[in-house]
Number of protein chains: 2
Amino acid sequence: MKSIPLPAIRRYPLYLRRLKAYRMGGTLWVSATMLAEDLGFSSILVRKDLALTGLEGRPKYGFSIDPLIGAIEESLGWNNRTDAILVGAGNLGSALLGYSGFAQYGLEISAVFDSDPAKIGTKVQGVPVFPMEKLTDFIGRTHIPMAVLTVPAESAQRTAEQLEDAGIRGIWNFAPAKLKLSDKVVVQRVDLASSFAELSSRLKKDQT
Amino acid sequence: MKSIPLPAIRRYPLYLRRLKAYRMGGTLWVSATMLAEDLGFSSILVRKDLALTGLEGRPKYGFSIDPLIGAIEESLGWNNRTDAILVGAGNLGSALLGYSGFAQYGLEISAVFDSDPAKIGTKVQGVPVFPMEKLTDFIGRTHIPMAVLTVPAESAQRTAEQLEDAGIRGIWNFAPAKLKLSDKVVVQRVDLASSFAELSSRLKKDQT
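Given the structure is predicted, the values throughout are model-derived calculations rather than measurements. (Residues numbered from 1 in each chain as written. Chains lettered and ligands numbered in written order. Predicted model: local features only at pLDDT ≥ 70, side-chain atom pairs only at ≥ 80, totals over all residues. Heavy atoms only, no water.)

1. A closer look at the side chain of A:T53
Residues and elements named next belong to chain A.
And step 1. Within the secondary structure layout, T53 lies in the loop between helix 3 (43-51) and strand 2 (63-64).
And step 2. Owing to a relative accessible area of 16%, T53 belongs among the buried residues under this scheme.
And step 3. Separated by 2.6 Å, the side chain of T53 and the backbone oxygen of L50 make a polar contact.
And step 4. Excluding residues that lie within four positions of it along the chain, T53 makes contacts with Y12, A71, I72 and S75. (Helix = DSSP H or I, 4+ residues; strand = E, 2+ residues; numbered from the N terminus. Buried < 20%, exposed > 50% of the residue type's maximum accessible area, 1.4 Å probe, protein only. Polar contact = N/O pair within 3.5 Å; in protein donor to acceptor, adjacent residues only side chain to side chain. Contact = heavy atoms within 4.5 Å.)

Following this line, the structure appears as structure tokens:
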């Protein structure tokens, strides 16, 4: 497989959404220029991004919309369901479980793990909560590749190591902590606190 | 005010959390080296970041913990409460309203706006939902500076323009869309879809 640069990968979800909206409206053909104008990107950029999927547009027509959607989803690995567990059923974890938007990316959270005895055996947003002691066994048995990490900062590193040892290969890290793991695990961080810090600071600077 | 570079600003929430944990444990003095080791940063980096707050450490002792926490919070503008509204009471919006972590940053969401008549007059996570028609008037009356934007991609640009016209100065944009606004508005984007796309793609690459 040709390796697609990350900046393009990060734009693909935007293209996908727009393409699906076009399709809902009955559009059959779409051009890079049309997408570019709609999204505020340059058309050269969009043309290059779409070419990376391996599809070729037809002169004057552009791209047939269904194959293009399929090619982008395949580039993202979203044509297959990705099974994941969520570790940490606190506020953020519960909030994310309630966010049905994940289903659009093929992300399916099949189990939740937490260390709080009061939560074990309950369900959060319909997903069962298991004790941390079952984590290693569960991952070993199901071969689930991905974990969404929403534990507090203090237990993030310890929990991440446990996930790595159990065989998890990708961690979507929402815990406000930098994880130190071997390069066998891919870590992708979403840091809401840093993002809000940046916004607050830019707003403050703007005021002075 | 001295302008603090964004990379430092983005690390401040990590320092804050760690410092508050130290304080809970009864620690009175803290050194840049100690913070650096705990967080996996270089001590030169942490030393520089802390110096940007304007505080000076005492040789051999380091920093007194309370003034250091105060100085970082002030640099972030988190010593004051930031009032905000949330626009879009869909899945992600409701999920974020349920995330009590925001309170730690001083972010207080006082009203929710939505276009769905079925939601108007109800409360989401205890916060009242108002119709979009009241948005401009509400912002004008309360002078609320910030909006959390969680509408669908299709209505993001239109809603953002309405927010700008009404006087909002900062938008925390969770909608999967690039906003085109004047430079009077600071936009900070959190793109969960792009983040997940990056993780999926890096995992896939890792497999091949």
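Having seen the model, we can carry on.
2. Section: the nonpolar core
And step 1. In this structure, A:W172 and B:W172 are the most contacted members of the largest nonpolar core, which totals 104 residues.
And step 2. Contact partners of A:W172, with chain neighbours within four places excluded, come to A:F102, A:L107, A:A147, A:V148, A:L149, A:Q188, A:V190, B:L192, B:S195, B:F196 and B:L199. (Core = buried A, V, L, I, M, F, W, Y, C linked by side-chain atoms within 4.5 Å.)

3. Quick look at the layout of surface pockets
A water-sized probe rolled over the atoms picks out the places where empty space is left.
And step 1. Here the largest pocket is characterised by a volume of approximately 740 Å³.
And step 2. In this structure, the largest pocket is lined by 37 residues; those nearest its centre are A:T150, A:V151, A:P152, A:A153 and B:R17.
And step 3. Listing elements by their share of the lining of the largest pocket, those giving two or more residues are helix 5 (91-97), strand 4 (107-114), helix 7 (153-166) and helix 8 (192-207) of chain A together with helix 1 (6-24) of chain B.
And step 4. The biggest single contributor to the lining of the largest pocket is helix 7 of chain A, with 6 residues.
And step 5. By volume, the second largest pocket amounts to about 530 Å³.
And step 6. As for the second largest pocket, its lining consists of 32 residues, and the residues nearest its centre are B:G90, B:T150, B:V151, B:P152 and B:A153.
And step 7. Breaking the lining of the second largest pocket down by element, the ones donating at least two residues are helix 5 (91-97), strand 4 (107-114), helix 7 (153-166) and helix 8 (192-207) of chain B.
And step 8. Examining the composition of the lining of the second largest pocket, we find that 5 residues originate from one element, helix 7 of chain B, more than from any other.
And step 9. Of the residues assigned to the lining of the second largest pocket, the class counts are 15 nonpolar, 12 polar and 5 charged. (1 Å grid on protein atoms, 1.4 Å probe; cavity = no way out; pocket = protein on both sides within 12 Å on 5 of 7 lines; lining within 4 Å. Points joined across faces, edges and corners; volume = space filled by probe spheres on them. Nonpolar A, V, L, I, M, F, W, Y, C, P; charged D, E, K, R; others polar.)

4. Structural notes on the relation of the copies chain B and chain A
And step 1. With an RMSD of 0.0 Å, chain B superimposes on chain A once it is rotated by 180 degrees and translated 0.0 Å along the axis. Here the transformation between the copies is reduced to the relation of a two-fold axis. Within chain B, B:A95 has its C-alpha nearest the rotation axis, a separation of 2.1 Å.
And step 2. The share of interface residues of chain B whose copies in chain A are also at the interface is 97%, consistent with both copies meeting through the same surface. (Least-squares fit on C-alpha atoms with pLDDT ≥ 70 in both.)

5. Observations regarding the domain arrangement of chain A
And step 1. By domain assignment, chain A separates into domain 1 (6-76) and domain 2 (82-195).
And step 2. One C-alpha centre belongs to domain 1 of chain A, the other to domain 2 of chain A; they are set 32 Å apart. (Domains from an automatic or database assignment.)

6. Side note on empty space enclosed by the protein
And step 1. Scanning the model with the defined rule gives 2 cavities of 30 Å³ or more in all.
And step 2. Taken as a whole, the largest cavity encloses approximately 60 Å³ of empty space.
And step 3. If you trace the largest cavity, you find it lined by A:L92, A:A95, A:L96, A:F174, A:L192, B:L92, B:A95, B:L96, B:F174, B:V190 and B:L192.
And step 4. Of all the secondary-structure elements, those providing two or more residues to the lining of the largest cavity are helix 5 of chain A together with helix 5 of chain B.
And step 5. Residues belonging to the lining of the largest cavity are distributed by class as follows: 11 nonpolar, no polar and no charged.

7. Things to note about the sheet that holds strand 8 (residues 170-173) of chain B
Residue and element names in this part refer to chain B.
And step 1. The strand order across the open sheet built from 7 strands is 5-6-4-3-7-8-9, with neighbouring strands paired in mixed fashion. Two strands bound the open sheet, and with one partner strand each, they are strand 5 (123-124) and strand 9 (186-189).
And step 2. Strand direction decides the pairing type here: strand 4 and strand 6 (residues 127-131), joined by 3 bridges, are parallel. Residue pairing across strands places V112 opposite V129, the latter belonging to strand 6.
And step 3. Strand contacts of helix 6 (residues 135-142): strand 3 (82-87), strand 4 and strand 6, with the helix running at about 180 degrees to strand 3, the strand carrying the most contacts. (Pairing = 2+ DSSP bridges. Axes fitted to C-alpha atoms, helices over the stretch in contact; angles between N-to-C directions.)

8. Comments concerning the packing of aromatic side chains
And step 1. In total, this model carries 22 aromatic pairs over all chains according to the counting rule given.
And step 2. Taking the centre distance of 5.1 Å and the plane angle of 55 degrees together, the rings of A:W29 and A:Y61 count as tilted. Residue A:W29 is found in strand 1 (residues 29-30), and its partner A:Y61 is found in the loop between helix 3 and strand 2; the two are separated by 32 residues along the sequence.
And step 3. Classification of A:W29 by relative accessible area gives partly exposed; the value is 31%.
And step 4. An aromatic cluster is defined as three or more aromatic residues linked by ring pairs; in this entry it consists of A:W78, A:Y105, A:W172, A:F174 and B:F196.
And step 5. Directly above the ring of A:Y61 sits A:R58, whose terminal nitrogen or CZ lies 4.3 Å from the centroid. (Phe/Tyr/Trp six-rings, centres within 6.5 Å; stacked < 30°, edge-to-face > 60°. Lys NZ or Arg CZ within 6 Å of the ring centre and 35° of its normal.)

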